[in-house]
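Observations on chain architecture
Residues per chain, in single letters:
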Amino acid sequence: MEALSVREYRNNLAASFTKADNGEQVLIRRKNEIYALVKVGREDLMITPELQARIDKAREEIKSGKCVTGSFFFIND
């Protein structure tokens, strides 16, 4: 599949979104990079119970001081 230029993409937004909705690959070329328009489902944006448990555990470790923090910097010679 050939990638659309940014101009072609802007001029055909509705058609591009329709193709992505139908599972077709939509590629957009910007300078020397290629990007893909991908439909993301609501389930892809949700925090799973497992992830929420990890977040809660990390918060508890921070509150109790069981974490390591630090500053990183580089010195140019």
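Refer to the structure above for everything that follows.
I will try to describe carefully the structure that is included in this document. Fair warning: this is a prediction, and the values are worked out from it, not measured in the lab. (Residues numbered from 1 in each chain as written. Predicted model: local features only at pLDDT ≥ 70, side-chain atom pairs only at ≥ 80, totals over all residues. Heavy atoms only, no water.)

1. Structural notes on the overall build of the protein
From N to C terminus, the protein includes three helices and three strands. The helix and strand sequence of the protein, counted from the amino end, reads β-α-α-β-β-α. Across the protein, every contact between residues at least 6 apart in sequence was considered, and the portion connecting residues at least 24 apart equals 29%. (Helix = DSSP H or I, 4+ residues; strand = E, 2+ residues; numbered from the N terminus. Contact = heavy atoms within 4.5 Å.)

2. So, the nonpolar core
Residues Tyr 9, Ala 20, Val 26, Ile 28 and Leu 37 constitute the largest nonpolar core, which totals five residues. Ignoring anything within four residues of it in the chain, the contact list for Tyr 9 reads Leu 4, Ser 16, Phe 17, Ile 28 and Leu 37. (Core = buried A, V, L, I, M, F, W, Y, C linked by side-chain atoms within 4.5 Å. Buried < 20%, exposed > 50% of the residue type's maximum accessible area, 1.4 Å probe, protein only.)

3. Quick notes on the pairing of strand E2 (residues 26-30)
Of the pairings in the sheet, the one linking strand E1 (residues 4-5) to E2 comprises two bridges and is parallel in character. Note on E2: the bridge partner recorded for Leu 4 is Ile 28. Across five bridges, the pairing between E2 and strand E3 (residues 33-37) is antiparallel. Across the sheet, residue Arg 30 finds its bridge partner in E3, namely Glu 33. (Pairing = 2+ DSSP bridges.)

4. A closer look at a nonpolar patch on the surface
A grouping of Val 38, Val 40 and Leu 45 is seen on the molecular surface, where their side chains present a nonpolar patch of about 320 Å² in accessible area. Looking at the element boundaries, Leu 45 is found in the loop between E3 and helix H3 (49-63). (Patch = residues over 30% accessible without salt bridge, like charges linked within 9 Å, V, L, I, M, F, W, Y side chains within 5 Å. Areas by Shrake-Rupley, 256 points an atom, 1.4 Å probe, with all protein chains shown as cover. Salt bridge = Lys/Arg side-chain N within 4 Å of Asp/Glu carboxyl O.)

5. Considerations on unusual backbone geometry
Its identity as a non-glycine residue notwithstanding, Lys 31 has a phi of 55 degrees, on the positive side. Here Lys 31 shows up in the loop between E2 and E3. On the basis of relative accessible area, Lys 31 is assigned to the exposed category, the value being 72%.

6. A few points about H3
Between the first and last C-alpha of H3 there are 21 Å, a value that for 15 residues agrees with the 21 Å anticipated at 1.5 Å per step. One or two steps after H3, the chain reaches Gly 65, where phi turns positive at roughly 80 degrees. (Expected span 1.5 Å × (residues − 1).)

Nothing here speaks to function; it is geometry throughout.
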